[in-house]
Amino acid sequence: MMVPPGGRAHIAGGRHPADSGVMRVFRGARGARRSRRRPLPVPGRALALLRVLPGLAAVVALALCVNGVERAVRAGADRPRAPRPAAPHAAARPPIVPRSAWLTGPAPKQPPARYDDKVVAVFVHHTDSPNAYDCADTPRIIRHLHTGQTGARDFDDIGYNFLVDRCGTIYEGRAGGVDRPVTGAHTQGFNHRTAGIAAIGTFPAGVEVPAVMTHAIAALAAWKLGLSDTDPRARVRLVSSNSGSRYAAGTAATLPTLGGHNDGYMTSCPGAALTARLPEIRDLAARIQGRPPLPQRAHSASVGLSQATALPSASPTDRRAGS
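Because the structure is predicted, anything quoted here is derived from the model rather than measured.

J.: A description of the state of the cysteines should follow, citing residues and the corresponding values.
T.: Under the defined criterion, the tally for this structure stands at 1 disulfide. A sulfur-sulfur separation of 2.0 Å characterises the disulfide bridge that pairs Cys135 with Cys167. Measuring the twist about the S-S bond at about 95°, one finds the Cys135-Cys167 disulfide to be right-handed. Separated by 32 residues along the polypeptide, Cys135 in the loop between strand E1 (121-126) and helix H3 (138-150) and Cys167 in the loop between strand E2 (162-164) and strand E3 (170-172) bring together distant segments of the chain. Under the relative-accessibility criterion, Cys167 is labelled partly exposed at 42%.

J.: Lay out the nonpolar core in plain terms, naming residues and giving numbers.
T.: Judged by nonpolar contacts, the single largest core of 42 residues is most densely connected at Phe162, Leu163, Ile197, Met213 and Ile217. Counting residues per element, the ones that place at least two in this core are E1, H3, E2, E3, strand E4 (194-199), helix H4 (211-226), helix H6 (272-276) and helix H7 (278-288). No other element matches the 9 residues that H4 contributes to this core. Those residues in contact with Ile217 that lie beyond four places of it in its chain are Val124, Val164, Ile197, Ala199 and Ile281. Formed by 8 residues, the second largest nonpolar core is a distinct cluster that contains Val236, Leu238, Ala253 and Leu255.

J.: So what's going on with the side chain of Ser240? Which residues, and what values?
T.: Structurally, the position occupied by Ser240 is in the loop between strand E5 (235-239) and strand E6 (252-256). Under the relative-accessibility criterion, Ser240 is labelled buried at 1%. Of the polar contacts made by the side chain of Ser240, one reaches the side chain of Ser245; its length is 3.1 Å. Dropping the residues within four chain positions of it, Ser240 is found in contact with Gly189, Phe190, Ser245, Tyr247, Ala248, Ala249, Gly250 and Thr251.

J.: Tell me about the packing of aromatic side chains, and please be specific about residues and values.
T.: On inspection of all chains with the given rule, the structure shows 1 aromatic pair. Seen in terms of ring centroids, Phe190 and Tyr247 are 5.9 Å apart; in terms of plane orientation they differ by 85°. Their pairing is edge-to-face. Here the residue Phe190 occupies a position in the loop between E3 and E4, and Tyr247 occupies one in the loop between E5 and E6, the gap between them amounting to 57 residues. Owing to a relative accessible area of 26%, Tyr247 belongs among the partly exposed residues under this scheme. Directly above the aromatic system of Tyr133 lies the positively charged group of Arg166, at a separation of 5.8 Å from the ring centroid.

J.: Quick rundown of the packing of H4 against H7? Include the residues and the values.
T.: The interhelical angle for the contact between H4 and H7, taken along N-to-C directions, is 50°, at an axis separation of 8 Å. When the axis of H4 is compared with that of H7, the two are oblique. At the point where H4 passes H7, the crossing takes the right-handed sense. For the pair H4 and H7, contact is made by Thr214, His215, Ile217, Ala218, Ala219 and Ala222 and by Glu280, Ile281, Leu284, Ala285 and Ile288, respectively.

J.: Mind laying out the sheet that holds E1, listing which residues take part and the relevant values?
T.: Overall, mixed pairing links the 5 strands, which are arranged E3-E2-E4-E1-E7 in an open sheet. Each edge of the open sheet is held by one strand with a lone partner, namely E3 and strand E7 (258-260). Strand-to-strand, the axes of this sheet are offset by a mean angle of 25°, without reference to chain direction. With 3 bridges connecting them, E1 and E7 associate as parallel partners. Across the sheet, residue Val122 finds its bridge partner in E7, namely Leu258. In the packing of H7 onto the sheet, the strands contacted are E1 and E7, and the crossing angle to E7 comes to about 160°.

Criteria and thresholds
- Residues numbered from 1 in each chain as written.
- Predicted model: local features only at pLDDT ≥ 70, side-chain atom pairs only at ≥ 80, totals over all residues.
- Heavy atoms only, no water.
- Disulfide = S-S within 2.5 Å.
- Helix = DSSP H or I, 4+ residues; strand = E, 2+ residues; numbered from the N terminus.
- Buried < 20%, exposed > 50% of the residue type's maximum accessible area, 1.4 Å probe, protein only.
- Core = buried A, V, L, I, M, F, W, Y, C linked by side-chain atoms within 4.5 Å.
- Contact = heavy atoms within 4.5 Å.
- Polar contact = N/O pair within 3.5 Å; in protein donor to acceptor, adjacent residues only side chain to side chain.
- Phe/Tyr/Trp six-rings, centres within 6.5 Å; stacked < 30°, edge-to-face > 60°.
- Lys NZ or Arg CZ within 6 Å of the ring centre and 35° of its normal.
- Axes fitted to C-alpha atoms, helices over the stretch in contact; angles between N-to-C directions.
- Parallel < 35°, antiparallel > 145°, perpendicular 65-115°, else oblique.
- Left-handed = near helix turned anticlockwise from the far one by under 90°.
- Pairing = 2+ DSSP bridges.

Pasting the structure below:
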């Protein structure tokens, strides 16, 4: 006789107890106890899973956390960095033809370029060369100027940082990098913290200065002075490094931030005609920098003084050192 899993007694033959005087009872207590202890397959797995669920939940949570951190790190690495804020009155860099366009042949032997911390003034020059030239000949003209300065005048390189031709094309002059504050050899006594821009030609009184040339000078000065947030209409205090200038070595002189060669040195350069255009060039450079116009009274007296001090040269007579 089969004993049901519940362990209840059944009557042999399936008859009711009232039908027989003898009743045989099969007890399945021991088997029943074994049945209660034996875990059933599916419910047993469920119970085991319930026991380890807290641990699994912790592992899953940790994995999700790590995955989230990794994704955040990757997102941070992939996110482009914000550019450094530019100077408040920075101007766009105009097109500049590199030295390689005019300096052909083997590279000349010369000492490494020297640098200041920044440029706070620009001196405008003329090259004292003929005006009636084809702009396609500009590289040859600059090469001739370089040969003259590094030859008979014993410069280590062309002295001007930049040159501008009658068609308004800007050329890189002195080596060292156009966007860096290269110490030039253009204005004796005031080569530190300044840049020299030479207009190719000769501009005495009565000579026409091409408008594209003055516009190029203004754009170049606006960009170069904008790197130090210097107003082209301002004045700056520079210390003379050479007594051969208008000021004895060690003298602090207040000069225009955009002036002519004759502001720092006893010369007629850049010529009366180009000198007369400097106020216009200053105003245009300031507009290119995005500066508001000055009141008429302040304009006539220029604007505030920038406290910039030039670094004195080690040798006051060494033009090659940029003194």
